[in-house]
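# Residue-level structure breakdown
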Number of protein chains: 2
Amino acid sequence: MTSPFNSQSPLDPTSTEPIYRQIYWRFRGAITDGVLAPGERIPAARSLAKELGLARGTVDSAYSLLAAEGYIQPRGQAGTVVAAGLNVRPRQAHTDHPSTPAPGASVRHKAAVLPFQMALPALDEFPRKIWAQIGARCVRATGVADMANPSAQGLESLRNAIASYLQLARGINCLPSQVFVTSGYRNTLTLIVHALLQAGDRALVENPGYPPTRQLLEYLQIGVQPVDVDQDGLQVTQGIDQCPTARAVVVTPAHQSPLCVSLSLPRRLQLLEWAAREQAWIIEDDYDGEYRYVSRPLPALKSLDREGRVLYAGTFSKVLFPGIRIAYLVVPPSQVERFQQVARTFLGGVPELTQAIVSTFVTEGHFARHIQRMRKLYGERRVAAVNGLSKVLGEHIQIDAQPGGMHLILRLTRAQSDRELVERLLNAGIYAEALSECYIGPESQCGLMLGFANIDSQASAERLGERIVALL
Amino acid sequence: MTSPFNSQSPLDPTSTEPIYRQIYWRFRGAITDGVLAPGERIPAARSLAKELGLARGTVDSAYSLLAAEGYIQPRGQAGTVVAAGLNVRPRQAHTDHPSTPAPGASVRHKAAVLPFQMALPALDEFPRKIWAQIGARCVRATGVADMANPSAQGLESLRNAIASYLQLARGINCLPSQVFVTSGYRNTLTLIVHALLQAGDRALVENPGYPPTRQLLEYLQIGVQPVDVDQDGLQVTQGIDQCPTARAVVVTPAHQSPLCVSLSLPRRLQLLEWAAREQAWIIEDDYDGEYRYVSRPLPALKSLDREGRVLYAGTFSKVLFPGIRIAYLVVPPSQVERFQQVARTFLGGVPELTQAIVSTFVTEGHFARHIQRMRKLYGERRVAAVNGLSKVLGEHIQIDAQPGGMHLILRLTRAQSDRELVERLLNAGIYAEALSECYIGPESQCGLMLGFANIDSQASAERLGERIVALL
């Protein structure tokens, strides 16, 4: 156990730098200089506080920051250790010694994208040149009125563009005034809960399902009732029987998340009939409805909504890129005023510049072209990934072949924990998610979920498959 | 009473356009064509539904949309009328007849900025050319990694820049890991409530205060305890005595919103002592702490926070422009992990492009220069506005002279309703807000709040003052 404190360099109580920050810097320096090695134990906060004559909370504050930044790892009974595998690199900018990074994007540091990363479109094929041209044009055209307070509901031109697009692509009839621009699905779902539900209400969710949906609902004190999913999607009858008082349901009708099955037409109608009868709400999470490869994309559930019970949640994360942070919500006509009121209270608003860029990209036709190209490309990449992985992993896995979505599910033929396997893969630089993490309750299925949109050829898939085999 | 329906042009039940939308378009067309005149009554939903043989809800949906878009106004007993003063203009883009607007920013439609608009910096003096150059550079430099999933906490380079800036400008020692980038003050406050408070908790707020603060808290089921403000800011002793169980307080120490007074040092220390003793939280809303004209800006309350009880909410809305939609939060070291967890669940995230532009603008030094220039300019514009308005309105008003902020408070010497006066001013194209709207409870003071940052000369202020005199 090593401590970076000794009588030659005491802490300075007269410094303007608070003591916890002096401790923080001392440890950080010792770690990045290699004085403290990865895996090495550091003193318990209590004993260090005693040694230095400080309040325990002061050392706790320093340790919290070191842990939050990944320098140290609490290991329970085993004490706290310097993080293993720490890629120590000189950090250039911090508050004491501000540096001046080179202009432009060089100030950004980002982790690399891993192969099989999920929910990530083919970034290599994004029309970045056109995007940059439109972006530069919109930046230069920013006028005084564009800098003033933006509409909480979103830029009018973007809401027009979204309404037009939804009619053509998803069969949804709506007016721009029914569209609310948000900063992502979580933002959309939060807005819906604040507008239509109350703490203590119950909502049906898919099981397996998208974990953030139930996390967010639970944070907002909505009771979550898991409902099983089969090859036709959510088992609607089971859900209604299990929880007759549910006020809402969250569904992914186009490609169920994570199983990629589609909600059958009889079940769609059954859901709509239930919602109309019970005055309940259907939240349609249409996160990648555009990406279907075998036949035409199915119209959205919202397109069948005659009684105004469906809240439609769309996003540009998958059809443009996740960093864009623009999603949208279509609300029934009767709820527009209610949502405007809640939006004024809660929505932070999306930068006008980003809205203007997306709006221009859509109205100039680049968006429709891009989706068409990606649909074709993903169809090819899906086949390449399936073929490459099957060839190498054939005896170990079985691949669910669903007609849409952006990821594959690999069922493991040998019983093993998908979570442990995922951890081994991540350590080896290969992205995967464990299917079992999507289940609520004790019964779950194992499997690996792999995003295929960035797999550029069968050869790449085979190479990656070989690395996976070695870790099975 | 006029109805746009007759036997010559019945609704078409076989159309793909839902009936409510057909009704909507029919009314909208009649209004924009002048067939229905402003102020004219339209049929009650019930009788129109009966006349057309439709469900009442169908007509209600159409009316809701027309009301939400401002075409009609419900007037209670007097029925529903076509909105008065409707500035009818041809709307170019809607879902049925998508148009192709000209490229770039011409797709944006915005209301003009009114004179005396509040919370709006001097947009005419913003360095738009530099901004556009940086923006275009950042757009072009967008790489694959920048398009992938962004950090919920914010871009590292921006958090570095904010931490450096806060140390220099606001006396706050913090590490970038304590900084969370949000999409605005409402977003910041929501994050704090989700992380640290529970439904049913009580919070002290200033009275008069910033209405959105209490609205948001009430939406989130936090009980709001108003505490009076005097010339030294929030009356801390009164607040603690009135509500000993309060878990938090929201304060605007630099320039109290709306009275612009500063929270005195004894009261700052008293608040910190209370928070440490009760393990309560101080939420410091430092929305325009940079703008003080008489002496140097006061350090933030956060700079005195030794016990980690202050949540510091800053924003770029006033020092850059409101449309930017970037704000930030500094949390105590011990709360970083908790906030990271909540941020992953709730924060939609701010577009990377906007974060990169702001980060570059700050690190290249433009930000500090801009604030210095604006501080000088606003000092001049404040004097020009005070002198111009006093000259013309002298006998009718008394102007509160506070050393900071971005708005003036005009006390009316003759007893009259500030809300009615504000309505008359807005109808005449002059912005103002009513001071009485900032009070909770029956006791309130009247006054007009006028933003001065966009008043470019004493002559402008005099001209506007003359228009105000005519409306008193």
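See the structure above.
Rules used in this analysis
Residues numbered from 1 in each chain as written. Chains lettered and ligands numbered in written order. Predicted model: local features only at pLDDT ≥ 70, side-chain atom pairs only at ≥ 80, totals over all residues. Heavy atoms only, no water. Phe/Tyr/Trp six-rings, centres within 6.5 Å; stacked < 30°, edge-to-face > 60°. Helix = DSSP H or I, 4+ residues; strand = E, 2+ residues; numbered from the N terminus. Buried < 20%, exposed > 50% of the residue type's maximum accessible area, 1.4 Å probe, protein only. Contact = heavy atoms within 4.5 Å. Buried area = accessible area lost by both parts, 1.4 Å probe. Salt bridge = Lys/Arg side-chain N within 4 Å of Asp/Glu carboxyl O. Polar contact = N/O pair within 3.5 Å; in protein donor to acceptor, adjacent residues only side chain to side chain. Nonpolar A, V, L, I, M, F, W, Y, C, P; charged D, E, K, R; others polar. Core = buried A, V, L, I, M, F, W, Y, C linked by side-chain atoms within 4.5 Å. Expected span 1.5 Å × (residues − 1). Pairing = 2+ DSSP bridges. Least-squares fit on C-alpha atoms with pLDDT ≥ 70 in both.

Glancing now at the packing of aromatic side chains. What the rule picks out here adds up to 32 aromatic pairs over all chains. Centroid distance Tyr219 of chain A to Phe346 of chain B: 5.4 Å. Interplanar angle 85 degrees. Geometry classified as edge-to-face. Within this pair, whereas Tyr219 of chain A is found in helix α8 (residues 211–219), its partner Phe346 of chain B is found in helix α11 (residues 336–346), the two belonging to separate chains. Exposure remark for Tyr219 of chain A: the relative accessible area of 26% places this residue in the partly exposed category.

Interface size is commonly expressed as the accessible area that is lost once the parts come together. The partner chain B presents 108 residues to the 107 residues of chain A that form the contact. When chain A packs against chain B, close to 8900 Å² is buried across both sides, 59% of that on carbon and sulfur atoms. For the pair chain A and chain B, the interface holds zero salt bridges. At the junction of chain A and chain B, the tally comes to 14 residue pairs in polar contact (both at pLDDT 80 or more). Among the residues forming the side of chain A that touches chain B, the class breakdown is 51 nonpolar, 35 polar and 21 charged.

Counting residues in each nonpolar core, the largest one holds 140 residues, and the members touching the most others are Phe316 and Tyr378 of chain A together with Phe316 and Tyr378 of chain B. With residues near it in sequence (within four places) discarded, Phe316 of chain B still touches Ile162, Phe321, Ile324, Ile326, Ala327, Tyr328, Val358 and Phe367 of chain B. Listed in part, the 107 residues of the second largest apolar core include Leu36 and Val250 of chain A together with Leu36 and Ala62 of chain B.

Turning our attention to the pattern of salt bridges. Applying the stated criterion to the full structure yields 26 salt bridges over all chains. Where Asp124 of chain B meets Arg381 of chain B, a salt bridge forms, and the shortest distance between an N and an O atom there is 3.0 Å. Taken together, the residues span a long stretch of sequence, with Asp124 of chain B in the loop between β3 (80–82) and α4 (128–140) and Arg381 of chain B in helix α13 (residues 366–393) at a distance of 257 residues. The exposure class assigned to Asp124 of chain B is partly exposed, which follows from its relative accessible area of 45%. The salt bridge involving Asp230 of chain B is made with Arg267 of chain B; its shortest N-O contact spans 2.8 Å. Of this pair, Asp230 of chain B sits in strand β6 (residues 223–230) while Arg267 of chain B sits in helix α10 (residues 265–278); the two residues are 37 residues apart in sequence, bridging distant segments of the chain. Among the charged side chains, a network of salt bridges with common partners joins Glu273, Arg277 and Glu278 of chain A.

What sets the pattern is the α-helix's 3.6 residues per turn: residues three or four places apart point alike. For helix α3 (residues 56–68) of chain B, built from 13 residues, the straight-helix expectation of 18 Å at 1.5 Å per residue is met to within 8% by its first-to-last C-alpha distance of 18 Å. Within the sequence span of α3 of chain B, burial applies to Val59, Ser61, Ala62, Tyr63, Ser64, Leu65, Leu66 and Ala68 of chain B.

Now for the sheet that holds strand β14 (residues 433–434) of chain B. Residues and elements named next belong to chain B. Taken in spatial order, the four strands line up as β12-β13-β15-β14 in an open sheet, and their pairing is antiparallel. In this open sheet, the two strands that pair with only one neighbour each are β12 (397–400) and β14. With four bridges connecting them, β12 and strand β13 (residues 407–412) associate as antiparallel partners. From the neighbouring strand, Ile397 faces β13, where its bridge partner is Leu412.

Moving on to the relation of the copies chain A and chain B. The two chain copies are connected by a rotation around an axis plus a translation along it. The transformation that overlays chain A on chain B combines an axial shift of 0.0 Å with a rotation of 180 degrees, and the residual RMSD is 0.2 Å. As the rotation angle and translation indicate, the two copies are arranged about a two-fold axis. Considering only C-alpha atoms, the part of chain A nearest the rotation axis is Ala136 of chain A, at 2.2 Å.

Just geometry here; none of it tells us what the structure is for.
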